[in-house]
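Listed below, chain by chain, are the residues.
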Amino acid sequence: MIFDYCVWLTSEKNNELRKITKEFLPHISIKTNLDSIKKAQKFINSMCINLPILVDLDYMETTECNGFYALQININYSSKNKVKQPVWWPNRAHVSLLYKYYDPINEKEIKNVWDKINNKECIFDEIKIMRCNNHHKNWEEFPIQD
């Protein structure tokens, strides 16, 4: 899968979600398919970022694109946040919980993931630039520069 340079909202503190994702950080993709690191840096520098951000977990669904399957949980910007939803907040915001290649995600896997989620609120407190090309185990983080 090719997403090129991406701007993620993530957290090292989402322990419950981290135990589910294991192979990648739980994240909200704010912007994807940027074709250069400079464009990713410029996008971040244009954002008005007030962290941390609290989200409410909603419902899960699976997606598929060219044999790349994802189990995602859709999220809502929490009314408990101290500032209103930012203009850069993504449409159909979600957190991916499981990735598979050329093998659909089945109902048992969905139930297994859902049963591991006890807290329906999560905090995201970090912005990252990732280059997300090919297998997700090979995605790379890039430093953010002013």
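What counts and what doesn't
Residues take numbers from 1 onward in each chain, read along the sequence in its written order. Local features in a predicted model are, by the rule used here, given only for residues with pLDDT of at least 70; side-chain atom pairs are given and counted only at 80 or more, and totals for whole chains, interfaces and linings are based on all residues. Each side-chain value is worked out from all heavy atoms of the structure, with water and hydrogens disregarded. DSSP calls a pair of strands paired once it identifies at least 2 bridges connecting them. Only DSSP runs of H or I reaching four residues or more are called helices, and only runs of E reaching two or more are called strands; each is numbered from the N terminus. Only C-alpha atoms enter the line fits that serve as axes; for helices the fit covers just the stretch in contact. Angles between N-to-C directions range over 0 to 180 degrees. We call two residues in contact when some of their heavy atoms are within 4.5 Å. For every residue, the accessible area obtained with a 1.4 Å probe (protein chains only) is divided by the maximum for its type, and the residue is called buried under 20%, exposed over 50%, and partly exposed between those limits. What makes a salt bridge here is a side-chain nitrogen of Lys or Arg within 4 Å of a carboxyl oxygen of Asp or Glu, nothing more. Grouping buried Ala, Val, Leu, Ile, Met, Phe, Trp, Tyr and Cys residues that are joined through side-chain atoms within 4.5 Å yields what is termed a nonpolar core.

(A) Main features of the sheet that holds strand E5 (residues 94-101). Taking strand neighbours across the sheet as the criterion, the four strands line up as E5-E4-E3-E6 in an open arrangement whose pairing is antiparallel. The sheet is open, and its two edges are formed by E5 and strand E6 (121-124), each paired on a single side. On average, each strand axis in the sheet is inclined to that of its neighbour by 40 degrees, with strand direction left out of account. Pairing of strand E4 (residues 68-77) with E5 involves seven bridges; the strand directions are antiparallel. Directly across from Asn74, in E5, lies its bridge partner His94. Relative to the sheet, helix H3 (residues 107-116) contacts strand E3 (53-65), E4 and E5, its axis offset from that of E3 by approximately 170 degrees.

(B) Geometry of the pairing of strand E1 (residues 2-10). Along E1, seven of the nine residues are buried, which leaves the element largely enclosed by surrounding structure. Across seven bridges, E1 lies against strand E7 (residues 126-133) in antiparallel orientation. Residue pairing across strands places Ile2 opposite Asn133, the latter belonging to E7. Alignment of E1 against strand E2 (residues 27-34), held across five bridges, turns out to be antiparallel. Note that in E2 the partner of Trp8 across the bridge is Ser29.

(C) A look at the sheet that holds E1. Across the sheet, which stays open at both edges, the four strands sit in the order E2-E1-E7-E8 with antiparallel pairing between neighbours. Of all the strands in the sheet, the pair left with one neighbour each is E2 and strand E8 (140-142). Strand-to-strand twist of the sheet, defined as the mean angle between neighbouring strand axes without regard to direction, takes the value 30 degrees. Both E7 and E8 contribute to a ladder of three bridges, which runs antiparallel. Bridging across to E8, Ile129 finds its partner in Phe142.

(D) Expanded view of the pairing of E3. Taken together, the four bridges between E3 and E6 define a ladder with antiparallel strand orientation. Along E6, the bridge assignment pairs Asp56 with Glu121. In this sheet, E4 lies alongside E3 in antiparallel orientation, the contact comprising nine bridges. Each residue of the ladder has a partner; that of Glu61, found in E4, is Gln72.

(E) Examining the pattern of salt bridges more closely. Applying the stated rule across the entire model yields 12 salt bridges. The partner of Lys100 in a salt bridge is Glu109, and the shortest N-O contact between them spans 3.0 Å. Taking the relative accessible area as the measure of exposure, Lys100 reaches 13% and is therefore buried. According to the relative accessible area criterion, Glu109 is partly exposed, its value standing at 22%. Connected through salt bridges with shared partners, the residues Glu12, Glu126, Lys128 and Glu141 form a single ionic network.

(F) How the structure looks around the nonpolar core. Ranked by size, the top nonpolar core spans 34 residues in total, and within it Val7, Leu9, Ile28, Trp89 and Leu97 carry the most contacts. The greatest single-element share of this core, amounting to five residues, is contributed by E4. In contact with Leu9, not counting residues within four places along its chain, are Pro26, His27, Ile28, Ile30, Leu51, Ile53, Trp88, Trp89, Phe124, Glu126 and Ile127. Membership of the second largest hydrophobic core comes to 10 residues, among which are Cys6, Trp8, Cys132 and Trp139.

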